[in-house]
Amino acid sequence: MKPYFPSAMLLLLIAYLGVQALTGERGLLSGGERDAMLLRREAQLAQILEQRRDLEIRVRYLRTDSLSRDLLEERARAVLGFSDPRDYVIRVSTPAAAEGPTPRA
């Protein structure tokens, strides 16, 4: 039994590495999964870049040398919670189920 032990261990190691080479995370058979993940990540990157462009434009309009009154007024209303006297304000109540359970006596 002793002379076959190193050979058996080597055979098991080769078999393990062969299975990993085919089916592992970076194996030959997982190319489709990698391609799908690449497409998802590229779509996510495009969305993030679009958000960044939008934020850069907003920041450019909020600088002192090219201040946009409309954008400044919009941000002030959103942050401070104010409204113009000429605006129509519609209050929306939350449904009873969203408010939480009613206390029982």
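Structure shown above.
Residues numbered from 1 in each chain as written. Predicted model: local features only at pLDDT ≥ 70, side-chain atom pairs only at ≥ 80, totals over all residues. Heavy atoms only, no water.

Undergrad: When you look at the overall build of the chain in this model, what are you seeing that I'm missing?
TA: When helices and strands are counted, the chain shows four helices and zero strands. Secondary structure elements of the chain, listed N to C terminal, follow the sequence α-α-α-α. Considering the chain as a whole, with its 105 residues, one finds that 6% of them fall into the buried category. Surface exposure of the chain reaches about 10500 Å², of which carbon and sulfur atoms provide 61%. (Helix = DSSP H or I, 4+ residues; strand = E, 2+ residues; numbered from the N terminus. Buried < 20%, exposed > 50% of the residue type's maximum accessible area, 1.4 Å probe, protein only. Areas by Shrake-Rupley, 256 points an atom, 1.4 Å probe, with all protein chains shown as cover.)

Undergrad: Would you take a moment to explain the side chain of S30 for this structure?
TA: Positionally, S30 belongs in the loop between helix 1 (5-23) and helix 2 (31-62). Look past the residues within four positions of S30 in its chain and what remains in contact with it is L22, G24 and E25. (Contact = heavy atoms within 4.5 Å.)

Undergrad: What exactly am I supposed to notice about the pattern of salt bridges here?
TA: Opposite charge on two side chains permits them to pair, given that their charged atoms come into close proximity. For the coordinates displayed, the defined rule picks out five salt bridges. With its nearest N and O atoms 3.7 Å apart, the salt bridge here joins R58 to E74. Of this pair, R58 sits in helix 2 while E74 sits in helix 3 (residues 69-80), and the two are 16 residues apart along the sequence. The class of R58 is partly exposed, set by a relative accessible area of 29%. Salt bridges linked by common partners bring D54, R58 and E74 together as one network. (Salt bridge = Lys/Arg side-chain N within 4 Å of Asp/Glu carboxyl O.)

Undergrad: Sorry, what's going on with helix 3 here?
TA: The α-helix winds at 3.6 residues per turn, so residues separated by three or four positions along the chain end up facing the same way. Across its twelve residues, helix 3 extends 16 Å between first and last C-alpha, which sits within 8% of the 16 Å expected from 1.5 Å per residue. Looking at the residues trailing helix 3, positive phi occurs at G81, about 80 degrees. (Expected span 1.5 Å × (residues − 1).)

Undergrad: Please explain the packing of helix 2 against helix 3 as it appears in this structure.
TA: The relative placement of two packed helices comes down to the angle between their axes together with the axis-to-axis distance. Between helix 2 and helix 3, the shortest axis-to-axis distance is 9 Å and the interhelical angle comes to 105 degrees. The pairing of helix 2 with helix 3 is recorded here as roughly perpendicular in orientation. Contacts from R58, Y61 and L62 in helix 2 reach L71, L72, E74 and R75 in helix 3. Tallied by class, residues from the contact of helix 2 with helix 3 come to four nonpolar, no polar and three charged. (Axes fitted to C-alpha atoms, helices over the stretch in contact; angles between N-to-C directions. Parallel < 35°, antiparallel > 145°, perpendicular 65-115°, else oblique. Nonpolar A, V, L, I, M, F, W, Y, C, P; charged D, E, K, R; others polar.)

Undergrad: Is there a simple way to explain a nonpolar patch on the surface in this structure?
TA: There is a patch of nonpolar side chains on the surface, built from L10, L13, I14, Y16 and L17 and spanning about 520 Å² of accessible area. The exposed category is assigned to I14, whose relative accessible area is 53%. (Patch = residues over 30% accessible without salt bridge, like charges linked within 9 Å, V, L, I, M, F, W, Y side chains within 5 Å.)

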